[in-house]
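Tertiary structure, described
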Amino acid sequence: MVATITGTDLRRPLKKYFGYDSFRGKQEEIIQNLMSGRDGFVIMPTGAGKSLCYQLPALIQPGTALVVSPLIALMKNQVDQMHSFGVEAGFLNSSMSRSDYEAVKKKAVKGRLKLLYVAPETLCREDFLEFLRGVNISFVAIDEAHCISEWGHDFRPEYRRIRPMLNKLPRVPIIALTATATPKVQQDIIHNLQIEEASVFKTSFNRTNLYYEVRPKINPVPQVVKYIKQNPGKSGIVYCLSRKKVEELAELFVVNGIKAVPYHAGLDSETRSKHQDMFLSEEAQVVVATIAFGMGIDKPDVRFVIHFDVPKSIESYYQETGRAGRDGLEGVCVLFYQFSDVVKLEKFMKEKPLSEREAGKHLLYEMAAFAESGVCRRKQILHYFGEEFEDSRCGKMCDNCRHPRPFYDATQHVTLALRAVNETGGRFGMNYLVSVLRGSQSQQIKELGHDQLSIFGAAKDIDEKLWKSVFGQLLIHDFLAKDIHEYGVLKLAPKGLDYLSDPFTIQFVDSLSFEPTEKDAGMTPMAGGEDYKAYDKTLFDMLMKLRKETAQRHDLPPYIIFLETSIEDMATKYPTTLAEFENIVGVGKGKAEKFGRPFVELIAKYVEEQEVVKPVDFVVKTSGKNSQDKLFIIQQIDRRTPLEDIADLRDMSYEELLEKIEQIVYSGTKLNLKYQLREIMDDERIEELYDYFRSSGSDDLEAAIQKLGADFTKEEIQLARIQYYSENAI
Ligand code: ADP
Ligand code: MG
Ligand code: ZN
């Protein structure tokens, strides 16, 4: 009926309603397909312009297009946009008042709406179905269709009920759209929506303008503060996992002179939309957010996306970083990674049903492997989406290409790994294969007779950690393939089979080391910024020497003078006055006056001689919440409140409280904890601990625990250490 519509016909409304002169990518084909009555499946990256693929046909076809969309904010955005074009559109969701809801329904029944947005849970209500039967529906668009799949990064169970509901209505074309779809998720979407016949439109996921970098999460706050301050006027998003962290970090940014606002689902909707508006209008430079923020937010010039915590999957990572540089200009994406965050996330999933938890775990471990890999980030991401990236490196647009990791001869590993997959029949995941290769005496291996294979125990002498990277690269280079039905299971790909019959020398990239002990980690330059050095090594050594001399003169252990972290901080911030010196971590007024002068003089001389440019505005201050806590703790200790009670009153764990007390004391406030110490030990034991601290040259708590752990509890040691410090150093 409308098959005669040609490109020009579509271009006129494109200009008329949207003001655009031409279509982007495959938009036109997609719209033509839909208008000819066929189902469509659109897989295009964030920012590619998917919405237009259903908005435009909705406007020019008779009837009302039904758009299923998961987020209320997103619906409202789009409806507002349609209204601004002079088009009637509406949305229905659970946040509306009864009368608004009825008014929209009435309009729809009268045929006055071109687009009707609904939340999936609304769609699934029986009474809603009754209402829909009275509406002339032109087609159904399912936006963010990956929500259908448990294997996607944002599973919404109600999305799975869309199709059964639609089956109760007259048949109309369906268009499903998503920005992220691995082959597995794609298959889920097609099956669940029963659109096996749909035309599939997929464009490349390569976001060539985005720079990807993964940093070890060692002292990330100053790095982030510094980066933001070095890029004034550039908008950015900082993602954190927890609401608490979002609040803390936003506050910390504000204290440090950065215009930042928090955003998470725990804020009321008014505050959320206010903060969103502030970010869009650039009243706020940075939004610190949980992943609740960003879906459907159309700010084209976000210049950086920083992940303070590890994302839940590579898809989430791609989706979230995808919000940077939508306009095709600069987009810097930095992820701070440490393995313990992965473990933390895994724990969060405990309450989920088993199947979801298993899926979640696999996605998470893939993310970890991505972070730890030395392979070009872009190549890895594209491979994840089933897309071939021709070159072995992207050039200069990821950390691994800027600072290439060394290669090693992996011929032996590759051969063993492929043989292990082959000889066990392609039915197992990496962990199992590795335990066979390492000759593990597990029940399962014995039962399956895999201890009889020639490769059993063949890799005893190869470091276990290496395997993750070997298997990862075998996947990326298409020697192995993932089983699409069973997660984690690896199969031989044709290339792998060829290799076994005709092997050749092969080189792999070393994987990255994220050992948290690595002191010099995290010092590669953040893109756009100059080299970030954690601290000035030369000055650090000079200050350490001065600390030692001072300690000897006072007959005190060096750490009593200043902690090593304080010395590091001095070698970062170059305080040249006593006032500045007080801002150093672990140094308060008292301490600055007592020991500070020679240190300040040394630094001042060094700064002058070396012509150091001091990072003046780069002092990371702590936030108010923290100082309220501190004040409270000091008051309570003065009143001799038992520490357990203080912790309870302030809703923190005992360990957290001890940590806070340490901070207070190390920054130069004297506390008297004798009452608490006496509660748990007699004087003789206290004296024994004091002796240790007097004679030991190190302030290392771990070392103390090792030495004394047989006779004392950690708490006893920690408390005595604080008290000794308080009595002698302040
Ligand atoms: P997606 O849903 O794929 O993430 P959107 O539909 O939100 O992307 O579109 C991203 C941006 O691209 C929007 O600002 C939109 O107005 C713009 N856009 C879409 N199509 C075109 C076009 N043909 N020409 C110019 N801009 C477009
Ligand atoms: Mg979209
Ligand atoms: Zn690269």
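Thresholds applied
Residues numbered from 1 in each chain as written. Chains lettered and ligands numbered in written order. Predicted model: local features only at pLDDT ≥ 70, side-chain atom pairs only at ≥ 80, totals over all residues. Heavy atoms only, no water. Helix = DSSP H or I, 4+ residues; strand = E, 2+ residues; numbered from the N terminus. Buried < 20%, exposed > 50% of the residue type's maximum accessible area, 1.4 Å probe, protein only. Contact = heavy atoms within 4.5 Å. Pairing = 2+ DSSP bridges. Axes fitted to C-alpha atoms, helices over the stretch in contact; angles between N-to-C directions. Phe/Tyr/Trp six-rings, centres within 6.5 Å; stacked < 30°, edge-to-face > 60°. Lys NZ or Arg CZ within 6 Å of the ring centre and 35° of its normal. Donors = N, O, S within 2.8 Å, 3.2 Å for Na, K, Ca; no water. Core = buried A, V, L, I, M, F, W, Y, C linked by side-chain atoms within 4.5 Å. Salt bridge = Lys/Arg side-chain N within 4 Å of Asp/Glu carboxyl O. Domains from an automatic or database assignment. pLDDT = per-residue confidence, 0-100. Parallel < 35°, antiparallel > 145°, perpendicular 65-115°, else oblique. Expected span 1.5 Å × (residues − 1).

**Considerations on the overall build of the protein chain**
The number of helices and strands found in the protein chain is 34 helices and 17 strands. A principal-axis box enclosing the C-alpha atoms of the protein chain has dimensions of 95 × 70 × 55 Å. Across the 730 residues of the protein chain, 54% fall into the buried class. Within the protein chain, counting contacts between residues at least 6 apart in sequence, those at least 24 apart form 72% of the total.

**Details of the sheet that holds strand S13 (residues 331–337)**
Where strands meet in a sheet, backbone hydrogen bonds hold them as pairs that are either parallel or antiparallel. With parallel pairing, the 6 strands of this open sheet are ordered in space as S8-S13-S12-S9-S11-S10. Because the sheet does not close on itself, it has two edges, and the strands there are strand S8 (210–216) and strand S10 (260–263). Sheet twist, expressed as the mean angle between neighbouring strand axes with direction ignored, is 15°. Of the pairings in the sheet, the one linking S8 to S13 comprises 7 bridges and is parallel in character.

**Details of unusual backbone geometry**
With a phi angle near 50°, glutamate 144 is a residue other than glycine that sits in the positive phi range. Following the sequence through the fold, glutamate 144 ends up in the loop between strand S5 (137–142) and helix H8 (162–166). By relative accessible area, glutamate 144 is classed as buried at 9%.

**Notes on the pairing of strand S6 (residues 174–178)**
The element S6 is largely enclosed, with a buried count of 5 among its 5 residues. Alternating positions in S6 separate into two faces, Ile174, Ala176 and Thr178 on one and Ile175 and Leu177 on the other, with burial throughout. Strand direction decides the pairing type here: strand S1 (residues 40–43) and S6, joined by 4 bridges, are parallel. Paired with glycine 40 across the two strands is isoleucine 175, which belongs to S6.

**Details of the packing of aromatic side chains**
What describes a pair of aromatic rings is the distance from one ring centre to the other and the angle between the planes of the rings. Per the counting criterion, the structure on display carries 22 aromatic pairs. Between tyrosine 692 and phenylalanine 693 the ring centres are 5.3 Å apart and the planes differ by 75°, which places this aromatic pair in the edge-to-face class. What makes tyrosine 692 buried here is its relative accessible area of 14%. The rings of Phe205, Tyr318, Tyr384 and Phe385 are connected pair by pair, giving a single aromatic cluster. Taking the ring centre of phenylalanine 632 as reference, the NZ or CZ of arginine 650 above it sits at 4.8 Å.

**Examining the sheet that holds strand S4 (residues 115–118)**
Ordered by their spatial adjacency, 7 strands build an open sheet running S3-S4-S2-S5-S6-S1-S7, and the pairing between neighbours is parallel. Looking at which strands have only one partner, the edges of the open sheet turn out to be strand S3 (89–92) and strand S7 (199–202). The sheet shows a mean angle of 20° between the axes of neighbouring strands, direction not considered. Judged from the 4 bridges that link them, strand S2 (residues 64–68) and S4 form a sheet pairing that is parallel. Considered in S4, the bridge of valine 67 is made with tyrosine 117. Strands in contact with helix H2 (residues 27–35) are S1, S5, S6 and S7; relative to S7, the strand with the most contacts, it is inclined by about 165°.

**A look at the coordination of the zinc ion (ligand 3)**
Six octahedral donors at a metal ideally form angles of 90 or 180 degrees, and four tetrahedral donors ideally form angles of 109.5 degrees. Every protein donor of the zinc ion (ligand 3) is accounted for by Cys376 (SG), Cys394 (SG), Cys398 (SG) and Cys401 (SG), and the metal-donor separations fall at 2.3 to 2.4 Å. Between consecutive donors of the zinc ion (ligand 3), the numbers of intervening residues give the motif C-x17-C-x3-C-x2-C. Side by side, cysteine 394 and cysteine 398 carry an identical accessibility label, which is buried.

**Points about the nonpolar core**
Within the largest apolar cluster, 118 residues are counted, with the highest numbers of intra-cluster contacts made by Tyr54, Leu92, Leu115, Leu116, Val140, Ile142 and Ile175. Per-element tally for this core: the top contributor is helix H15 (residues 354–372), with 7 residues. Setting aside residues no more than four positions away along its own chain, tyrosine 54 makes contact with Val67, Gln78, Leu115, Tyr117, Phe139, Ala141, Asp143, Ile175 and Leu177.

**So, the pattern of salt bridges**
Any two side chains of opposite charge can pair, so long as their charged atoms come close to each other. Applying the stated criterion across every chain, the model contains 34 salt bridges. Residue glutamate 88 is joined to arginine 112 by a salt bridge in which the shortest nitrogen-to-oxygen separation is 3.7 Å. Remark: arginine 112 occurs in the loop between helix H5 (98–109) and S4 and glutamate 88 occurs in the loop between helix H4 (72–84) and S3; sequence separation between them is 24 residues. Measuring nitrogen to oxygen at the nearest pair gives 3.0 Å for the salt bridge that ties lysine 299 to aspartate 301. Taking relative accessible area as the criterion, lysine 299 reaches 5% and is therefore assigned buried. Sharing partners across several salt bridges, the network here consists of Lys217, Asp309, Asp341 and Lys344.

**Some words on the domain arrangement of the protein chain**
By domain assignment, the protein chain separates into domain 1 (7–202), domain 2 (210–339 + 369–402), domain 3 (407–509), domain 4 (535–618) and domain 5 (624–728). Look at where the C-alpha atoms of domain 2 and domain 4 centre, and you get two points 34 Å apart.

**Some words on the environment of isoleucine 722**
Mapped onto the secondary structure, isoleucine 722 falls in helix H34 (residues 714–729). In this structure the C-alpha to C-alpha distance between isoleucine 722 and glutamate 150, which are 572 residues apart in sequence, comes to 50 Å. The contacts of isoleucine 722, once residues within four sequence positions are left out, are Leu658, Ile661, Glu662, Val665 and Leu673.

**Examining the confidence of the model for the protein chain**
Per-residue confidence for the protein chain gives a mean pLDDT of 85; residues scoring 70 or more make up 92%. A low-confidence stretch, residues 1–7 (pLDDT under 50), is modelled with 9 contacts involving residues beyond four sequence positions or located in other chains. Low pLDDT, under 50, characterises residues 515–533; the predicted model gives this stretch 45 contacts beyond four residues in sequence or across chains.

**Considering the pairing of S8**
Counting buried residues along S8, 7 of its 7 residues qualify, which places the element largely inside the surrounding structure. On S8, burial covers both faces: Leu210, Tyr212, Val214 and Pro216 on one face and Tyr211, Glu213 and Arg215 on the other are all buried.

**Quick notes on the packing of helix H18 (residues 411–423) against helix H21 (residues 466–476)**
Look at H18 against H21: their axes get within 10 Å of each other, and the N-to-C directions meet at 75°. The angle between H18 and H21 falls in the class roughly perpendicular. Side by side, H18 and H21 meet where His413, Val414, Leu416, Ala417, Leu418 and Val421 of the first sit next to Leu466, Trp467, Val470, Phe471 and Leu474 of the second.

**Some details on H18**
Given a rise of 1.5 Å per residue, 13 residues ought to cover 18 Å, and the 18 Å separating the end C-alpha atoms of H18 matches this to within 8%. For H18, the complete set of buried residues consists of Thr411, His413, Val414, Leu416, Ala417, Leu418, Ala420 and Val421. With its phi angle positive at about 85°, glycine 425 sits one or two positions after the end of H18.

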